[in-house]
Amino acid sequence: MKSAVTPQTQPLLELFHRALSDPDAEVLTNAAFASGLLVEHSDADLSPQYLHLLAALHPLFQVPADSPTARLNARDNAVGAVSRMIYKNMAAVPLDSVLPTLIDALPLQQDYLENRPLFRALFELFKRQPQVLEPYLDKLLHVFAVVLDPNGPDQVGDEIRAELIQLITLLNAQNPAKVQAAGLTAFLPGA
């Protein structure tokens, strides 16, 4: 539907918000995914609802590592939803409180398609507010190594992979020791 969803934005947002407190992990997964898509595609300005939506998504991040697949999938979809919010309107997201939770949930474990909105948001943050990501650089470099691992499944696709390698090249110029420590030098041009 993309932007054709706009006239139904408010009732859908209310529905998805209620579903984010459902006890069923499949419902949580779908509600998180749908919330993110609504934020991304609606022409309505949902930024006044961001804090309310972030509060509803927050419990999805509190997942033990040995949780069932459906709960891990719900967390991955919550990462995607928050990433879409950041990308759509970075100024409306309290990054100082959101980024620690978001980055702690990485790397994604089940729904690798959510890496696409995640990396779009990270690339935008690195371009516009790189200082907010500085405290998380070691963790992010580890995540980059995981998603680029040629021995694992394709987690990002060719377009994001190319942009990620450009970012790693830039980060290598600023901090080669950290890039090397993360095992990312093999991805640098000319390596």
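I will try to describe carefully the structure that is included in this document. (Residues numbered from 1 in each chain as written. Predicted model: local features only at pLDDT ≥ 70, side-chain atom pairs only at ≥ 80, totals over all residues. Heavy atoms only, no water.)

**Regarding the overall build of the protein**
Selection criterion: By definition, any uninterrupted DSSP run of H or I lasting at least four residues is a helix, any uninterrupted run of E lasting at least two residues is a strand, and each is numbered from the N terminus. The quantity called the radius of gyration is restricted to C-alpha atoms. Its globule counterpart is 2.2 Å times the number of residues to the power 0.38. Whether a residue is buried, partly exposed or exposed follows from its accessible area with a 1.4 Å probe, protein chains only, as a fraction of its type maximum: under 20%, in between, or over 50%, in that order. Should any heavy atoms of two residues lie within 4.5 Å, those residues are counted as being in contact. Only the protein chains shown count as cover for residues, and all accessible areas are computed by the Shrake-Rupley method using a 1.4 Å probe. When charges are counted, neither His nor the chain ends are considered; positive counts come from Lys and Arg and negative counts from Asp and Glu. Working definition for charges: the position is that of NZ of Lys, CZ of Arg, CG of Asp or CD of Glu.
Broken down by element type, the protein carries nine helices and zero strands. Counted from the first residue to the last, the protein has its helices and strands arranged as α-α-α-α-α-α-α-α-α. A compact globule built from 191 residues should have a C-alpha radius of gyration of about 16 Å, and the protein, at 17 Å, falls within 12% of that. By residue count, 45% of the 191 residues in the protein fall in the buried class. Sequence-distant contacts in the protein: of pairs separated by 6 or more residues, those separated by 24 or more amount to 68%. Looking at the protein as shown, the accessible area adds up to about 9,400 Å², and 54% of this sits on carbon and sulfur atoms. In the protein, which carries 13 positive and 21 negative side-chain charges, the distance between the mean positions of the two groups comes to 3 Å.

**Topic: the nonpolar core**
We count it as follows: In this text, buried Ala, Val, Leu, Ile, Met, Phe, Trp, Tyr and Cys residues form a nonpolar core when linked through side-chain atoms within 4.5 Å.
Residues L57, I86, L99, F119, L140, F144 and L164 are the most contacted members of the largest nonpolar core, which totals 61 residues. Of all the secondary-structure elements, those providing two or more residues to this core are α1 (9-19), α2 (25-41), α3 (50-57), α4 (69-88), α5 (95-104), α6 (115-128), α7 (137-148) and α8 (157-174). Ignoring anything within four residues of it in the chain, the contact list for L99 reads I86, L125, V132, L133 and Y136.

**What about the packing of aromatic side chains?**
Short version of the rule: Aromatic pairing here means that ring centres of Phe, Tyr or Trp (its six-membered ring) are within 6.5 Å. Orientation follows from the plane angle: under 30 degrees is stacked, over 60 is edge-to-face, and everything else is tilted.
Across all of its chains, the model carries two aromatic pairs by this definition. Note on F119 and F123: the rings are 5.9 Å apart at their centroids and 50 degrees apart in plane angle, and the pair reads as tilted. Taken together, the residues span about one helical turn, with F119 and F123 both in helix α6 at a distance of four residues. Here F119 and F123 have matching classes, each one buried.

**Let's talk about α3**
Threshold: Taking the helix axis as origin, the arc is that swept by the directions to the C-beta atoms.
Those residues of α3 that fall on the buried side of the exposure criterion are Y50, L53, L54, A56 and L57. The arc that holds every buried residue of α3, seen down its axis, measures 160 degrees, which confines them to one face. Turned more than 90 degrees off the buried face of α3, the exposed positions are L51 and A55. Buried residues along α3 sit in contact with α1, α2, α4 and α5.

**A word on the layout of surface pockets**
Defined as follows: Whether a set of points on the 1 Å grid over the protein atoms alone is a cavity depends on a 1.4 Å probe fitting there but being unable to get out, while an open set qualifies as a pocket with protein on both sides within 12 Å along at least five of seven lines; lining residues are those with an atom within 4 Å of a point. Grid points are joined across faces, edges and corners, and a volume is the space filled by probe spheres set on the points. Residues are sorted three ways: Asp, Glu, Lys and Arg are charged, Ala, Val, Leu, Ile, Met, Phe, Trp, Tyr, Cys and Pro are nonpolar, and all the rest, Gly among them, are polar.
The computed volume of the largest pocket comes to approximately 230 Å³. As for the largest pocket, its lining consists of 13 residues, of which F126, K127, L167, L170 and L171 are closest to the centre. Secondary structure elements with two or more residues in the lining of the largest pocket: α6 and α8. The dominant element in the lining of the largest pocket, judged by the number of residues it contributes, is α8, at six residues. Broken down by class, the residue content of the lining of the largest pocket amounts to eight nonpolar, two polar and three charged. Surrounding the second largest pocket, Y87, R116, F119, R120, F123, E124, K127, V156, E159, I160 and E163 form its lining. Secondary structure elements with two or more residues in the lining of the second largest pocket: α6 and α8. Residue contributions to the lining of the second largest pocket peak at six residues, all from α6. Considered class by class, the residues forming the lining of the second largest pocket number five nonpolar, no polar and six charged.

No statement about biological role is implied by the geometric values presented.
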